[in-house]
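# Breakdown of the fold
Each chain is listed here by its residues.
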Amino acid sequence: MGGYGRTRDRKRPHECSHSLLVGAHTGQNVPDAGAAGRRTPAAGRVRATGRGVSEAARRPVGDRETRAANRAWWDGEADDYYEEHGAFLGDSDFVWGPEGWTEEELDLLEVRDGMTVLEIGAGAAQCSRWLAQAHPGARVVASDLSMGMLRTARRIDASQASDGGGPAPAGTAPGGVTAGGTAAGGVAARGTPAAPSRRPLPLVQCDGLALPLGDGTVDRVYTAYGVVPFVADSGAVMAEAARVLRPGGRFVFSTSHPVRWAFPDDPGPGGLTATTSYFDRTPYVESEAGVVTYAEHHRTLGDLVRQVVAAGLVLVDLVEPEWPARNTQAWGGWSPLRGRLLPGTVIVVADRPA
């Protein structure tokens, strides 16, 4: 296994999804129960629900198993993940990764009034919630494959509305989530005219590999630690983002820095010595009674850049955020110690040519 394992912090440290992991693992980026930290976020720990992992290993796993396992895993971990990481992520904050840098500080998306913005792998939609509040003139839609995560998002919306923190969603179906691949929030679904919506934060349950939107219908697509490591073909994610972007649009994603896969998911000194090959692209897989329950896929930095280019996008920036002195918190395998010496997150900024 090479020391890589997933940890409960992975998917969305910045979950802003984005996406961080929780779990029974000792993976690359999340706090590890036995090691005082990790997610890539999801390592080395058995979930509070009592569902353990009978086997964790680096081995091949296909698209179908990956998708089914990760959808079920996030459905089951949604409540625990929010309970554990909600304070760090905030309910209406946009954090790009465990280092704590925010979109307000970096402005990588460059969202402006009149734009339509889609988040994939949104989790509890903290990032989209912040965008909608910071840019009321933009149309923001949050999507995720996990209905459990979207229910958490809707509960946050309801709580903010009852506390006077924001308007209650209007005209929303029970649960406030659009499922089955139907777009919401004024974004045109394939073959369906866009309908203006007064809802402040539409939620859509869909697969980031098959977005229910027409070609060239949005100005921005992004994910913070979501989707990219949780699918067997991340190149298809880039291609799908490029498809729905308008000319001149932008796709931005953050994920665990690929170099972290060579190191144990340990926030302490043990996480500073490489134990496996950076070039080993074998996925990290957890299973129970022979059934895959979680899967995470590794690509090198070069792999990610080539996938962006193959999708017809132009690489604008590749950000490796340094660990700020203000952040003294360990997040699974991410910590001030390791952050001073090794990159923990990579943020890729790419544009569709005008």
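What this report covers is the structure whose coordinates are included nearby. In every chain, residue numbers begin from 1 and rise along the written sequence. Local features in this predicted model are restricted to residues of pLDDT 70 or higher, and side-chain atom pairs are both shown and tallied only at a pLDDT of 80 or more, whereas totals for entire chains, interfaces and linings draw on every residue. Processing note: side-chain calculations cover all non-hydrogen atoms of the structure and skip hydrogens and water entirely.

## Looking at helix α4 (residues 147–162)
- Given a rise of 1.5 Å per residue, 16 residues ought to cover 22 Å, and the 22 Å separating the end C-alpha atoms of α4 matches this to within 8%.
- Along α4, the positions that sit buried rather than exposed are Met-147, Gly-148, Met-149, Leu-150, Thr-152, Ala-153, Arg-154, Ile-156, Asp-157 and Gln-160. In this text, helices come from DSSP runs of H or I with a minimum length of four residues, and strands from runs of E with a minimum of two, each type numbered from the N-terminal end. Take the number of residues in a helix, subtract one, and multiply by 1.5 Å to get its expected span. Accessibility here uses a 1.4 Å probe with only protein chains present; expressed as a share of the type maximum, an area under 20% marks a residue as buried, one over 50% as exposed, and anything in between as partly exposed.

## Considerations on empty space enclosed by the protein
- Grid points spaced at 1 Å over the protein atoms alone were grouped into cavities, where a 1.4 Å probe fits but cannot get out, and pockets, open sets with protein on both sides within 12 Å along at least five of seven lines, with lining residues defined by an atom within 4 Å of a point. Grid points are joined across faces, edges and corners, and a volume is the space filled by probe spheres set on the points. Applying the stated criterion across every chain, the model contains four cavities of 30 Å³ or more.
- When its volume is computed, the largest cavity comes out at roughly 260 Å³.
- Among the elements of the structure, α1 (63–89) and β5 (139–144) are those that each provide at least two residues to the lining of the largest cavity.
- Here the element with the most residues in the lining of the largest cavity is α1; it accounts for six residues.

## Examining the pattern of salt bridges
- Counted as salt bridges are all cases of a side-chain nitrogen of Lys or Arg within 4 Å of a carboxyl oxygen of Asp or Glu. Throughout the structure, instances matching the rule amount to 15 salt bridges.
- The residue Asp-107 makes a salt bridge to Arg-112 at a minimum N-O spacing of 3.1 Å.
- For Arg-112, a relative accessible area of 41% translates into the label partly exposed.
- In this structure, Asp-157 engages Arg-154 in a salt bridge whose closest nitrogen and oxygen atoms are separated by 2.4 Å. Placement of the pair is Asp-157 and Arg-154 together in helix α4, with a separation of three residues, close to one helical turn.

## Some details on the side chain of Ser-92
- Locating Ser-92 in the fold gives a position in the loop between α1 and α2 (103–106).
- Here Gln-133 takes part through its side chain, which lies 3.5 Å from a polar atom of the side chain of Ser-92.
- N or O atoms within 3.5 Å of each other form a polar contact, as long as, within protein, one can give a hydrogen and the other can take it, and as long as residues adjacent in sequence are counted only when both atoms are side-chain atoms. Within the structure, the side chain of Ser-92 is placed 2.7 Å from the side chain of Gln-160, a separation counted as a polar contact.
- Should any heavy atoms of two residues lie within 4.5 Å, those residues are counted as being in contact. Ignoring anything within four residues of it in the chain, the contact list for Ser-92 reads Gln-126, Arg-129, Trp-130, Gln-133 and Gln-160.

## Remarks on unusual backbone geometry
- Its identity as a non-glycine residue notwithstanding, Val-227 has a phi of 60 degrees, on the positive side.
- For Val-227, the position within the fold is in the loop between β8 (218–224) and α5 (234–244).
- Look at Val-227 and you get buried, because its relative accessible area is 11%.
- With a phi angle near 50 degrees, Ala-289 is a residue other than glycine that sits in the positive phi range.
- Within the fold, Ala-289 resides in the loop between β10 (284–288) and β11 (291–296).

## Some thoughts on the nonpolar core
- Residues grouped as a nonpolar core are buried Ala, Val, Leu, Ile, Met, Phe, Trp, Tyr and Cys residues, joined through side-chain atoms within 4.5 Å. Residues Ile-120, Val-221, Met-238, Phe-251, Phe-253 and Leu-313 are the most contacted members of the largest nonpolar core, which totals 28 residues.
- Of all elements in the fold, only β8, α5, β9 (245–256), α6 (301–310) and β13 (345–351) reach the threshold of two or more residues within this core.
- For this core, the leading source of residues is α5, giving five residues.
- Among all residues touching Met-238, those that are not within four sequence positions of it are Val-228, Phe-251, Phe-253, Leu-304, Gln-307, Val-308, Ala-311 and Leu-313.

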